[in-house]
Amino acid sequence: DQIAAVRADIHIHAVKIGMLGDAAIIETVTRGIDGLDCPVVLDPVMVAKGGDRLLQEPAVKALCAMLPCATVITPNLPEAADLLDWPEATTRAEMVAHARALLDLGPRAVLLKGGHLPGDTSPDLLATREGETWFDAPRSPTRNTHGTGCTYASALATALGAGLPLDRAVDRAKRC
């Protein structure tokens with residue numbers, strides 16, 4: 001009802017979807033966004049920073065069914081592995097394989113966040129059916145990393161809603 005009320009009231013320029021707690025909620029949101037004519041950024045919050053699973057198996061299946069509704073999904077490496085039921089990527093080559101497999105599940109693009117890889121930079125991979133683009137940035141030394149993926153996805157949705165093409169929107173969001 002909330003989604004229907006917003007759709008009836010205002011023009012929606014972009015949607016960012018984050019943590020959805022169970023299969024019923026995911027299925028409801030999927031129905032609610034069906035047919036929207038705007039970018040949909042799906043941040044599949046599935047695995048806690050400490051590694052704990054946040055979604056049960058029926059919810060993961062429902063989330064996979066939602067992927068074709070997304071303009072771009074923004075999983076981190078543990079979330080991508082969970083969606084694919086694969087081991088977590090530990091190299092850039094494995095990130096490419098994961099991103100391509102996620103594309104096969106139906107989103108128009110995958111922004112695979114590589115912050116779990118070691119190193120001085122945080123490599124993110126934007127994969128579309130046309131190819132892959134890497135976005136690297138130096139790591140910021142901080143212990144305050146809670147919510148960074150959600151903020152990144154929100155910045156991406158904002159840039160897409162402002163009309164930027166996907167690659168420029170990712171670049172702008174990465175720099176935020």
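Our structure is the block above this text.
Here the structure is a predicted model, which is why all the values come from computation and not from measurement.

(A) Helix α2 (residues 23-33), seen in detail. Buried within α2 are the following residues: Ala23, Ile26, Val29, Thr30, Gly32 and Ile33. Here the buried face of α2 lies against α1 (2-9), β1 (15-17), β2 (40-42) and α3 (57-66). With a side-chain oxygen positioned 3.1 Å from the backbone nitrogen of Ala24, the residue opening α2 is Asp22.

(B) Inspection of the layout of surface pockets at higher detail. Each pocket or cavity is described by its volume, and for the second largest pocket that value is around 280 Å³. Along the walls of the second largest pocket sit 14 residues, with Gln2, Ile3, Ala4, Val29 and Ile33 positioned nearest its centre. Elements with a minimum of two residues in the lining of the second largest pocket: α1 and α2. In terms of residue class, the lining of the second largest pocket is built from nine nonpolar, four polar and one charged.

(C) Just the environment of Pro107, in detail. With respect to the secondary-structure elements, Pro107 resides in the loop between α5 (92-103) and β4 (109-113). The spacing of Pro107 and Arg139 is 32 residues in sequence and 28 Å in space, taken between C-alpha atoms. Residues contacting Pro107, with those up to four places away along its chain left out, are Leu67, Pro68, Ala70, Ile73, Leu102 and Arg129.

What counts as what
Residues numbered from 1 in each chain as written. Predicted model: local features only at pLDDT ≥ 70, side-chain atom pairs only at ≥ 80, totals over all residues. Heavy atoms only, no water. Buried < 20%, exposed > 50% of the residue type's maximum accessible area, 1.4 Å probe, protein only. Helix = DSSP H or I, 4+ residues; strand = E, 2+ residues; numbered from the N terminus. Contact = heavy atoms within 4.5 Å. Polar contact = N/O pair within 3.5 Å; in protein donor to acceptor, adjacent residues only side chain to side chain. 1 Å grid on protein atoms, 1.4 Å probe; cavity = no way out; pocket = protein on both sides within 12 Å on 5 of 7 lines; lining within 4 Å. Points joined across faces, edges and corners; volume = space filled by probe spheres on them. Nonpolar A, V, L, I, M, F, W, Y, C, P; charged D, E, K, R; others polar.

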